[in-house]
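# A look at the structure
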Amino acid sequence: MTLYLKYRPQKIDELDLESVRVSLKKIIEAKSLPHGFLFAGPKGTGKTSAARILAKAINCEKNKDKLSEPCNKCAQCKAIEKGQSMDVIELDAASNRGIDDIRSLKESIALSPVNSRKKIYIIDEAHMLTIEAANAFLKTLEEPPSHVVFILATTEPEKLPATVRSRLILVPFKKANEAEINRQLTRIIKGEKLDVEDGVVSLIAKVSDGSFRDAAKILESLIVKNSIKFKEAKKYLLEVEEVNVEIFIKLLYQKDNLKILNLLQKMSDENVNPNRFIEALVEELRKALLSKEGVVNYTDYGFSKKEIISLIKLLISSSKDFSFSPIPYLPLEIAACKWCLKKKEPVIVKKKLKKTKKITPEPLVFNAFDEKLWFRFLSEIRGKNTTIEALLRATEPLSYNGSNLTIGVYYRFHKEQLEEQKNKSMLEKILEEVTGEKIKVSLKLTERKKPLPVKKEIPLTQGQDEDIIQAAKEIFGN
Ligand SMILES: [Zn+2]
């Protein structure tokens, strides 16, 4: 048996999510027991364990007069734990979703419990019920026999009809925080008498993304001869990440956008959490900055101080974009593209002003169409046509005058494809959706790196809006 199953909570006090512990205590202490519950929340957060505990508390032989914690010793508790109770029926809506299944469920509901106080139905993946099944089920919920309790569990409560939801008491499950994962892992470590070094538990809590199941799985995979060494755990868990951080920063220095995007794609395939990757990058760059200042002795990867600061700011502002990005890696991809568009720091050699040839500025200035719009435009396209979105990755907005947008394309082949009438119409249609304006698109073959005006360094104290405006200026000029 896996450690997750072996140490799944057996009573309310052992539930690791604090909010759920509090809710279930209130439920069993209430004067009357509601006949339906909805356990809703992400996978791996203990919904099924909690449902079984509630079922045991309701039918435990020791709880005849008043509900409280299950004893876990009586015949009822033991049968429920083994899944052998005649009166606690666990169903998976994904495989019992038809109208016939609900019909036989209705027949079974009408019958009194065999040898328990209540007949309890635990319906997992409840959002998978068909509409017909849900409607049939609703009728039962409207007039439930007094001997029945329903516990519906789901990761997607919004997919259940509102009429069904409104008849159930909602118990929300959230992703576990570090303290809650700690609590669970400590219980397992004590139970297994493992010798685990300091720091391991919080390291696992960090990488398990709020899932008790994942945390237990990781812990189990790290055990060697009944113990876990911090150094080994760190090496194992962060290896991929650390290697990538170093490679990634070197590529940023080389401004090799293509390799960067390929690396990000690979990491996305490997399910590396982009937010944590950014944290690691910022941490590494901070060390480089401190090294520049002589505080620590560390590599600076060849960057100037200004470059490190602006890179850190770019990464931090991209991590703020995560909450509204439809694709987890997109903000990081955009940050990398932005960075690679930046000109290398000019080396100031002489003071003497030489008369230089007047450079004629580009005729159109890309001003009103800012980078936020470009970002939204790309997201919109992605939702509709991934091929065009992929083609647009090797492009940049060159100029805009309110009615015409010129997009610079790096490769001839991409340009030809984007120029196909249906693709161009699609671009224009989405531009109109995003901006509310009718904008004509033209495509122009262009070099990857666009010469940029020398930018001014922004003081760290300035707000985020100004950062965005400044970043837009740096990319689009003026
Ligand atoms: Zn009992």
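Residues numbered from 1 in each chain as written. Predicted model: local features only at pLDDT ≥ 70, side-chain atom pairs only at ≥ 80, totals over all residues. Heavy atoms only, no water.

## Comments concerning the coordination of the zinc ion
With distances of 2.3 Å, the protein atoms coordinating the zinc ion are Cys60 (SG), Cys71 (SG), Cys74 (SG) and Cys77 (SG). Between the 4 donor atoms coordinating the zinc ion, the angles at the centre fall across 102 to 119 degrees, so the site counts as tetrahedral. In the primary sequence, the donor residues of the zinc ion line up as C-x10-C-x2-C-x2-C. With Cys60 in the loop between α3 (47–59) and α4 (75–82) and Cys71 in the loop between α3 and α4, this residue pair connects regions lying 11 residues apart in the sequence. Assigned by exposure class, Cys60 and Cys71 land together as buried. (Donors = N, O, S within 2.8 Å, 3.2 Å for Na, K, Ca; no water. Tetrahedral: all angles 85-135°; square planar, octahedral: opposite > 155°, others 65-115°. Helix = DSSP H or I, 4+ residues; strand = E, 2+ residues; numbered from the N terminus. Buried < 20%, exposed > 50% of the residue type's maximum accessible area, 1.4 Å probe, protein only.)

## Quick word on the side chain of His414
For His414, the location among the structural elements is in helix α18 (residues 412–419). For His414, a relative accessible area of 16% puts it in the buried group. For His414, the residues in contact, after removing those within four places along its chain, are Leu391, Ala394 and Val409. (Contact = heavy atoms within 4.5 Å.)

## Overview of the confidence of the model for the protein
On average, residues of the protein score 82 in pLDDT, and 86% of them reach the 70 mark or higher. Confidence drops under a pLDDT of 50 for residues 347–368, and excluding neighbours within four residues, the segment shows 17 contacts in the predicted structure. Ignoring residues within four places in sequence, the model shows residues 450–468, a span with pLDDT below 50, making 34 contacts including any to other chains. (pLDDT = per-residue confidence, 0-100.)

## Focus: the sheet that holds strand β9 (residues 404–409)
Reading across from one edge, β8-β9-β10 is the order of the 3 strands in this open sheet, with mixed pairing throughout. The open sheet has two edge strands, β8 (395–400) and β10 (440–445), and neither has a second partner. Between one strand axis and the next, the sheet turns by 30 degrees as a mean value, whatever way the strands run. Alignment of β9 against β10, held across 6 bridges, turns out to be parallel. Bridged to Thr406 within β10 is Ser442. Against the sheet, α18 makes contact with β8, β9 and β10, and its axis sits at roughly 160 degrees relative to β10, the strand it touches most. (Pairing = 2+ DSSP bridges. Axes fitted to C-alpha atoms, helices over the stretch in contact; angles between N-to-C directions.)

## A short note on the sheet that holds strand β4 (residues 148–154)
An order of β2-β3-β4-β1-β5 is seen for the 5 strands of this open sheet, with the pairing classed as parallel. Every interior strand has two partners, whereas the edge strands, β2 (88–92) and β5 (169–172), have only one. Direction aside, the axes of adjacent strands within the sheet are offset by 15 degrees on average. Strand direction decides the pairing type here: strand β3 (residues 119–124) and β4, joined by 5 bridges, are parallel. Following the sheet pairing, Lys119 is matched in β4 by Val148. Where helix α2 (residues 18–29) meets the sheet, it contacts β1 (36–40) and β5, and its direction lies at approximately 155 degrees from that of β5.

## Some remarks on empty space enclosed by the protein
Rolled over the atoms, a probe with the dimensions of a water molecule shows which regions are left empty. Evaluated as defined, the whole model comprises 2 cavities of 30 Å³ or more. Space inside the largest cavity adds up to approximately 130 Å³. For the lining of the largest cavity, the secondary-structure elements that each account for two or more residues are α1 (3–6), α3 and α8 (178–192). Taken together, the residues of the lining of the largest cavity sort by class into 11 nonpolar, 4 polar and 3 charged. Arg8, Pro9, Gln10, Ser49, Arg52, Ile53 and Glu81 together form the lining of the second largest cavity. Here the element with the most residues in the lining of the second largest cavity is α3; it accounts for 3 residues. A breakdown of the residues in the lining of the second largest cavity according to their chemical character gives 2 nonpolar, 2 polar and 3 charged. (1 Å grid on protein atoms, 1.4 Å probe; cavity = no way out; pocket = protein on both sides within 12 Å on 5 of 7 lines; lining within 4 Å. Points joined across faces, edges and corners; volume = space filled by probe spheres on them. Nonpolar A, V, L, I, M, F, W, Y, C, P; charged D, E, K, R; others polar.)

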